[in-house]
Protein chains: 2
Amino acid sequence: MASDQTRSAILAAAERLYADRGFGDVTLRDIVAEANVNLAAVNYHFGSKDELIAELFVTRSIQTNRERLNELKAAEEAGGGRAAIEDIMRALVGPTLRGCLGPDREGSTAARFMIRASIESVPPIRRIKNREVDHLRKFAAAMRRAMPGRDDTELYWGLHFALAMAHHTIREKERLLRLSEGKCDLDDVRAIIDRVVTVSVMALTMGDVPSKPAARPVLVHGRLTRQDL
Amino acid sequence: MASDQTRSAILAAAERLYADRGFGDVTLRDIVAEANVNLAAVNYHFGSKDELIAELFVTRSIQTNRERLNELKAAEEAGGGRAAIEDIMRALVGPTLRGCLGPDREGSTAARFMIRASIESVPPIRRIKNREVDHLRKFAAAMRRAMPGRDDTELYWGLHFALAMAHHTIREKERLLRLSEGKCDLDDVRAIIDRVVTVSVMALTMGDVPSKPAARPVLVHGRLTRQDL
DNA sequence: TTGCATTTCAAACATTTGTATGAAACTATC
DNA sequence: GATAGTTTCATACAAATGTTTGAAATGCAA
């Protein structure tokens, strides 16, 4: 068997098993059994179990981050170098939410894996997440351009809350579903993104002159209307 | 040694070690060494390692939940049976945030333990968290009374987002601190609670007639002013 | 004290786990 | 087809871990 096939088989099997049963319950022996390869193959190809997990997570993270930056770039080009704050937030939370939620994603191994990675927090994944700060700074910079003069602190809190809503929705979607007795539609990803973006923008602009209704973000961009919520 | 002393010593040592080093890195042998008791004492007094962890978490959870319900009750009594939505949200996120953040809490074992429990997600703790839905329903009910006529879906999303911001702030406080280069003050718990409450109420009321500026939550209750944000 | 229940203790158990080894099989190049 | 490099494989290793055991110690009531 060609070397790449074994590598790929391990990656695929590992992602599937981790997605289904979580990191705590899956051993290397489970993985190699699922992949139909020898136990030693994991250490031969990846060095260690942790490096295997890291590679799985890095691969998916890079995909998401690339999508985010693509969306951000597109929004900035469309706005002539300065994107609207709403579009920036959309670029931030959209890829993550689309990647993990939605009816078609139910069967997606990648989606389930990323949800697991979000819920459980194993050392190799935590190490990678810690490097995410550099990536987020690009969004902070874009936000600063979109809202010049605004205090940086407000900006960071807005960014933080946007990620909070997105990740918590992914993490706790089962609980929200149970709490709301199915009333909250976790499959309508577009609506969820709109919702998160709207609240994020509200949080970011809440210091704005309250006497001018036109300054309200929901109205400014016109994309979000009441029925979207 | 009296039986209770051993039990207490194990609980205290376990909470301290879990708080400092996380669930993944602490073994029963570490705990009994720290507590100066015999290895078998854990299984004798608690049955299993998981039951020990469960007892630790349940104890702290009950404290938080009780504080939440007390605040809710106080708010409802003050409002003549119907609490203001802002106070309900404050009762929801206040105890958790106060319990885990703040300069004085830095050295608190309980606080660090709960942060760990929020970050890592071990099976016994996950099982307990799943039962939290019943507790949250009481807040959903209070919210329903505070905002009659509003669609339940909106209400659940608001509740969900409030918890999202609170828990994510606890979980990711280090990252937010690093991202903002210390600009976000994670020690000013009162300000953080105000912030989370304000955004939550905004999220809950954002469907309200946008043409009437007076309907904006920040202005309605008057307690939150611009300098709070 | 005697007797009974509770608690402590040292030691062993029984797995499970990731990793290492060294030979065998395979592949590609000359 | 011989050789060198790569990959696979069965097996062993070594260490860690939660749990159990049965005896010893302790506490307590009669």
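The structure presented is a predicted model; accordingly, all values stated were derived computationally and were not measured.

Looking at this model, I keep getting lost on the packing of helix 8 (residues 132–146) of chain A against helix 9 (residues 152–171) of chain A. Mind explaining?
Angle between the axes and distance between the axes: these two values describe a pair of packed helices. Residues and elements named next belong to chain A. Across the interface, helix 8 lies against helix 9 with an axial gap of 10 Å and an inter-helix angle of 125°. The angle between the axes of helix 8 and helix 9 places the two elements in the oblique class. Taken as a pair, helix 8 and helix 9 cross one another with a handedness that is right-handed. Residue-level contacts link Leu 136, Ala 140, Met 143 and Arg 144 of helix 8 to Asp 152, Leu 155, Tyr 156, Leu 159 and Leu 163 of helix 9. Its residues assigned to classes, the contact of helix 8 with helix 9 comprises seven nonpolar, no polar and two charged.

Could you clarify how one ought to interpret the protein's contact with DNA strand C in this entry?
Near DNA strand C lie 16 residues; those nearest to it are Thr 27 and Lys 49 of chain A together with Thr 6, Asn 38 and His 45 of chain B. Those atoms of DNA strand C that come within 4 Å of the protein belong to sugar or phosphate at a rate of 55%. Between DNA strand C and Lys 49 of chain A, the relevant distance is 2.6 Å, taken from a phosphate oxygen to a side-chain nitrogen or oxygen of the residue. Tyr 44 of chain B places a polar side-chain atom, nitrogen or oxygen, 2.9 Å from a phosphate oxygen of DNA strand C. Mapped onto the surface near DNA strand C, the elements with two or more residues apiece are helix 2 (28–35) and helix 3 (40–46) of chain A together with helix 1 (3–21) and helix 3 (40–46) of chain B. Considering each element in turn, the surface near DNA strand C owes the most residues, three residues, to helix 3 of chain B. Tallied by class, residues from the surface near DNA strand C come to six nonpolar, seven polar and three charged.

Honestly, the interface of chain B and chain A in this entry has me stumped. Any pointers?
Facing 51 residues of chain B, the contacting portion of chain A comprises 51 residues. The junction of chain B with chain A conceals about 5,200 Å² of combined surface from both sides, 64% of it contributed by carbon and sulfur atoms. One can count six salt bridges joining chain B with chain A. We note a salt bridge from Asp 152 of chain B to Lys 183 of chain A, for which the minimum N-O separation is 3.8 Å. At the surface where chain B touches chain A, the tally comes to twelve residue pairs in polar contact (both at pLDDT 80 or more). Where the side of chain B that touches chain A is concerned, the elements lending two or more residues are helix 6 (109–119), helix 7 (123–130), helix 8 (132–146), helix 9 (152–171), helix 10 (173–179) and helix 11 (189–205) of chain B. Counting residues per element, the side of chain B that touches chain A draws most heavily on helix 9 of chain B, which supplies 15 residues. A breakdown of the residues in the side of chain B that touches chain A according to their chemical character gives 24 nonpolar, eleven polar and 16 charged.

Conventions and cut-offs
- Every chain begins its residue count from 1, and numbering advances along the sequence as written.
- The order in which chains are written sets their letters, starting at A; the order in which ligands are written sets their numbers, starting at 1.
- Whole-chain, interface and lining totals are the exception, using all residues; otherwise, since this is a predicted model, local features are given only for residues with pLDDT of at least 70 and side-chain atom pairs are given and counted only at 80 or more.
- To obtain the side-chain values, all non-hydrogen atoms of the structure were used and water was disregarded.
- Convention adopted: a line fitted to C-alpha atoms gives each axis, helices being fitted over their contacting stretch, and angles between N-to-C directions are expressed from 0 to 180 degrees.
- Each helix corresponds to a stretch of at least 4 residues labelled H or I by DSSP, and each strand to a stretch of at least 2 residues labelled E; elements are numbered beginning at the N terminus.
- When describing relative orientation, an angle under 35 degrees is termed roughly parallel and one over 145 degrees roughly antiparallel, while 65 to 115 degrees is termed roughly perpendicular and anything else oblique.
- Should the near helix be turned anticlockwise from the far one by less than a right angle, the crossing is termed left-handed; should it be turned clockwise, right-handed.
- A contact between two residues is defined here by any heavy atoms of the two lying within 4.5 Å.
- Under the convention adopted here, Pro, Cys and the residues Ala, Val, Leu, Ile, Met, Phe, Trp and Tyr are nonpolar, Asp, Glu, Lys and Arg are charged, and Gly plus all remaining residues are polar.
- Neighbouring residues are identified by heavy atoms, a residue being near a molecule or strand if any of them is within 4 Å of it.
- In protein, a polar contact requires one atom able to donate a hydrogen and another able to accept it; more generally it is a pair of N or O atoms within 3.5 Å, and residues adjacent in sequence count only if both atoms are side-chain atoms.
- Once two parts are put together, the accessible area they lose, assessed with a 1.4 Å probe and summed over both, is termed the buried area.
- Criterion for a salt bridge: a side-chain nitrogen of Lys or Arg within 4 Å of a carboxyl oxygen of Asp or Glu.

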